[in-house]
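Tertiary structure, described
Below are the chains, spelled out letter by letter.
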Amino acid sequence: QVQLVESGGGLVQPGGSLRLSCAASGRIFRINAMGWYRQAPGKERELVATITSGLSTNYAGSVKGRFTISRDNAKNTVYLQMNSLKPEDTAVYYCNAAAVLSVNYRSLEVWGQGTLVTVSS
């Protein structure tokens, strides 16, 4: 199986920056796409950004130009650099990965436990 652990969340003032990280572990042959999602209080979970193994990226319109997703394939880790943060960015941020297992080469979608980002004065 595969596990994802997010870190880097916290409290930041509007206009500030945070960098989230998500490390995958387990019997991983490779990881295809990875992504970040977020869920604000009372709202549905939404996609923030994704990145493929070939480093193609996709961003939600609300974060484009402010957030940057990146990955380190050797470490099976994905990052989310968040700049110019706004109060509406406040949410629990979840990491997602599409992994191929070493044991049987089967694809598996995995979610992290989430890390809280609070943007407030």
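The structure we're discussing is the one just above.
The following refers to the structure shown.

In this section: the overall build of the protein. Within the protein, the regular secondary structure consists of 0 helices and 11 strands. For 121 residues, the compact-globule estimate of 2.2 N^0.38 gives 14 Å, and the C-alpha radius of gyration of the protein, at 14 Å, lies within 12% of that figure. Counting the 121 residues in the protein, one finds 41% classified as buried. Long-range contacts, defined as pairs at least 24 residues apart, comprise 57% of the intrachain contacts of the protein with a sequence gap of at least 6. Total accessible area on the protein stands at roughly 6,400 Å², and carbon and sulfur atoms take up 49% of it.

Inspection of the secondary structure assignment puts Arg 38 in strand E4 (residues 28–39). For Arg 38, a relative accessible area of 6% corresponds to the buried category. At 2.8 Å, the side chain of Arg 38 forms a polar contact with the side chain of Glu 46. Within polar-contact distance, the side chain of Arg 38 engages the side chain of Asp 89 at 3.0 Å.

Taken as a whole and judged by the stated rule, the model has 2 aromatic pairs. Pairing Phe 29 with Tyr 105 gives two aromatic rings, centres 5.1 Å apart and planes at 85°, and the pair type is edge-to-face. A residue pair is termed long-range when its members are at least 10 positions apart, and Phe 29 in strand E4 and Tyr 105 in the loop between strand E9 (91–101) and strand E10 (107–111) qualify at 76 residues. The ring of Tyr 79 carries the charged tip of Arg 19 above its face, separated from the ring centre by 4.2 Å. For Arg 45, the ring lying beneath its charged end belongs to Tyr 94, and the centroid distance is 3.8 Å.

Moving on, we get to the nonpolar core. If you look at the biggest cluster of nonpolar residues, it comprises 33 residues, and the most contacted ones within it are Trp 36, Leu 80, Met 82 and Tyr 93. The leading source of residues in this core is E9, at 6 residues.

So, about the environment of Phe 29. For Phe 29 and Val 100, which are 71 residues apart along the polypeptide, the C-alpha to C-alpha distance reads 5.4 Å. Beyond its immediate stretch of four places on either side in the chain, Phe 29 contacts Val 100, Leu 101, Ser 102 and Tyr 105.

Now for the pattern of salt bridges. Scanning the entire structure with this criterion turns up 3 salt bridges. The partner of Glu 46 in a salt bridge is Arg 38, and the shortest N-O contact between them spans 2.8 Å. As a salt-bridge pair, Asp 89 and Arg 38 come within 3.0 Å of each other at their nearest N and O atoms. Of the two residues, Asp 89 is situated in the loop between strand E8 (77–82) and E9 and Arg 38 in strand E4; the sequence distance between them amounts to 51 residues.

Tallying each qualifying case throughout the model produces 1 disulfide. Here Cys 22 engages in a disulfide with Cys 95; their sulfurs sit 2.1 Å apart. Residues Cys 22 and Cys 95 are joined by a disulfide whose S-S torsion is about -85°; by sign, that bridge is left-handed. Taken together, the positions of Cys 22 in strand E3 (residues 18–26) and Cys 95 in strand E9 put the pair 73 residues apart, joining distant regions of the chain. Neither residue differs from the other here; Cys 22 and Cys 95 are each classed as buried.

Reading the values: rules and limits
Residues numbered from 1 in each chain as written. Predicted model: local features only at pLDDT ≥ 70, side-chain atom pairs only at ≥ 80, totals over all residues. Heavy atoms only, no water. Helix = DSSP H or I, 4+ residues; strand = E, 2+ residues; numbered from the N terminus. Rg over C-alpha atoms; globule rule 2.2 N^0.38 Å. Buried < 20%, exposed > 50% of the residue type's maximum accessible area, 1.4 Å probe, protein only. Contact = heavy atoms within 4.5 Å. Areas by Shrake-Rupley, 256 points an atom, 1.4 Å probe, with all protein chains shown as cover. Polar contact = N/O pair within 3.5 Å; in protein donor to acceptor, adjacent residues only side chain to side chain. Phe/Tyr/Trp six-rings, centres within 6.5 Å; stacked < 30°, edge-to-face > 60°. Lys NZ or Arg CZ within 6 Å of the ring centre and 35° of its normal. Core = buried A, V, L, I, M, F, W, Y, C linked by side-chain atoms within 4.5 Å. Salt bridge = Lys/Arg side-chain N within 4 Å of Asp/Glu carboxyl O. Disulfide = S-S within 2.5 Å.

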